[in-house]
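# Structure assessment
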Amino acid sequence: IARQSLRRGPNPETFATSLGGRIRALASIHDLLVAEDLRGADLASLLRTLLPPAPDRTSVDGPPVMLHPKAAEQLGLVLHELASNAAEHGALSPAAPGGRLAIRWQVTDAALTLDWQETGVPRTPVATPSRGFGRTLAERALSPVGGSVALVDEPDGFAARIALPLTGARTDQPPEQPTASPPATAPRVLLVGDEPLVALGVEG
């Protein structure tokens, strides 16, 4: 993410802002996961964490959904990119005082479908995510967990449809094997790599 943000950023200030936002989003997602002992993250809580504070212009509706940890992390990246664009250029931006954001989701056949709908946005070239890294990230982030994102430019705003298996993993991956808890007197070793969830999982 850092390399691509730097490569696609037009200047150092934009790079610092975009990378900082993505790191804060990941940190917030990991905070939610740790609060649930790495069992997963609630979708409504994820949205509350990542959406800009605009309750009078935002509506959120859907049944309770607990996301697999990896799915929550990847979906959180997508939602962060959508929310950032909405706050800067879309329905929640100063340029669209009449803008509205509606988020609805449903669960059918063990799969989540989430619709992101922005309305009341003046038709300008920047009202939708550009073909920069943010849009590329939003479109591809769910691939590792078997999901997909469809982005659509509409006359008065922007829409996205997110599809995600609730297992949070591809069906061709072997199931996770349960691990036995070590005795209370056993020495504890923490292995730290480049993935915080791996480190937390090993520690657990």
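Residues numbered from 1 in each chain as written. Predicted model: local features only at pLDDT ≥ 70, side-chain atom pairs only at ≥ 80, totals over all residues. Heavy atoms only, no water.

## Points about the overall build of the chain
Check the secondary structure of the chain and you find 6 helices and 7 strands. Starting at the N terminus, the α and β elements of the chain follow one another as α-α-β-α-β-β-α-β-β-α-β-β-α. Long-range pairs, those at least 24 residues apart, make up 67% of the contacts in the chain with a sequence separation of at least 6. (Helix = DSSP H or I, 4+ residues; strand = E, 2+ residues; numbered from the N terminus. Contact = heavy atoms within 4.5 Å.)

## Observations regarding the sheet that holds strand 4 (residues 100–108)
Read from one edge of the open sheet, 5 strands run 2-4-5-7-6, paired in mixed fashion. Each of the sheet's edge strands pairs with one partner strand only, and the pair in question is strand 2 (58–61) and strand 6 (148–154). On average, each strand axis in the sheet is tilted by 10° relative to the strand beside it, whichever way the strands run. Bridge analysis of strand 2 against strand 4 gives 4 bridges, and the strand direction is parallel. Bridging across to strand 4, Thr 58 finds its partner in Leu 101. (Pairing = 2+ DSSP bridges. Axes fitted to C-alpha atoms, helices over the stretch in contact; angles between N-to-C directions.)

## Some points on the packing of helix 2 (residues 12–35) against helix 3 (residues 43–50)
The contact between helix 2 and helix 3 brings their axes to 10 Å, and the two run at 145°. Handedness of the crossing formed by helix 2 with helix 3: right-handed. Facing helix 2, whose interface residues are Ala 25, Ser 28, Ile 29 and Leu 32, helix 3 presents Ser 45, Leu 46, Thr 49 and Leu 50. Split into classes, the residues belonging to the contact of helix 2 with helix 3 amount to 5 nonpolar, 3 polar and no charged. (Left-handed = near helix turned anticlockwise from the far one by under 90°. Nonpolar A, V, L, I, M, F, W, Y, C, P; charged D, E, K, R; others polar.)

## What about the environment of Leu 92?
Along the chain, Leu 92 falls in the loop between helix 4 (69–88) and strand 4. Each C-alpha atom, one on Leu 92 and one on Pro 53, is 9.4 Å from the other, the two residues being 39 residues apart in sequence. Here Leu 92 is in contact with Pro 52, Ala 54, Arg 57, Thr 58, Ala 86, Ala 87 and Leu 101, once residues within four sequence places are set aside.

## So, the pairing of strand 4
As defined by bridge partners, strand 4 adjoins strand 5 (residues 111–119) across 9 bridges and the pair is classed as antiparallel. If you follow Trp 105 over to strand 5, its bridge partner there is Leu 114. What sits between the antiparallel neighbours strand 4 and strand 5 is a turn of 2 residues, in which Asp 109 has the positive phi angle 50°.

## Topic: the pattern of salt bridges
Tallied over the full model, the rule gives 7 salt bridges. Two residues, Arg 22 and Glu 81, come together in a salt bridge whose shortest N-O distance is 2.6 Å. Separated by 59 residues along the polypeptide, Arg 22 in helix 2 and Glu 81 in helix 4 bring together distant segments of the chain. Among the charged side chains, a salt-bridge network with shared partners connects Glu 36, Asp 37 and Arg 39. (Salt bridge = Lys/Arg side-chain N within 4 Å of Asp/Glu carboxyl O.)

## Examining unusual backbone geometry
In the Ramachandran plot, Asp 37 falls in the positive-phi region, its phi being about 55° despite a non-glycine side chain. Its location among the elements puts Asp 37 in the loop between helix 2 and strand 1 (41–42). Non-glycine residue Ala 110 carries a positive phi angle of around 55°. Considering the arrangement of structural elements, one finds Ala 110 in the loop between strand 4 and strand 5. The exposure class of Ala 110 is exposed, given its relative accessible area of 53%. (Buried < 20%, exposed > 50% of the residue type's maximum accessible area, 1.4 Å probe, protein only.)

## Observations concerning helix 4
The terminal C-alpha atoms of helix 4 lie 28 Å apart, and with 20 residues this matches the ideal 28 Å at 1.5 Å per residue to within 8%. Where burial is concerned, most of helix 4 is hidden: 16 out of the 20 residues are buried. (Expected span 1.5 Å × (residues − 1).)

## Considering the confidence of the model for the chain
Residues of the chain with pLDDT of at least 70 account for 78%, and the chain-wide mean is 82. In this model residues 168–178 is a low-confidence stretch, pLDDT under 50, and it forms 8 contacts with partners more than four residues away in sequence or in other chains. (pLDDT = per-residue confidence, 0-100.)

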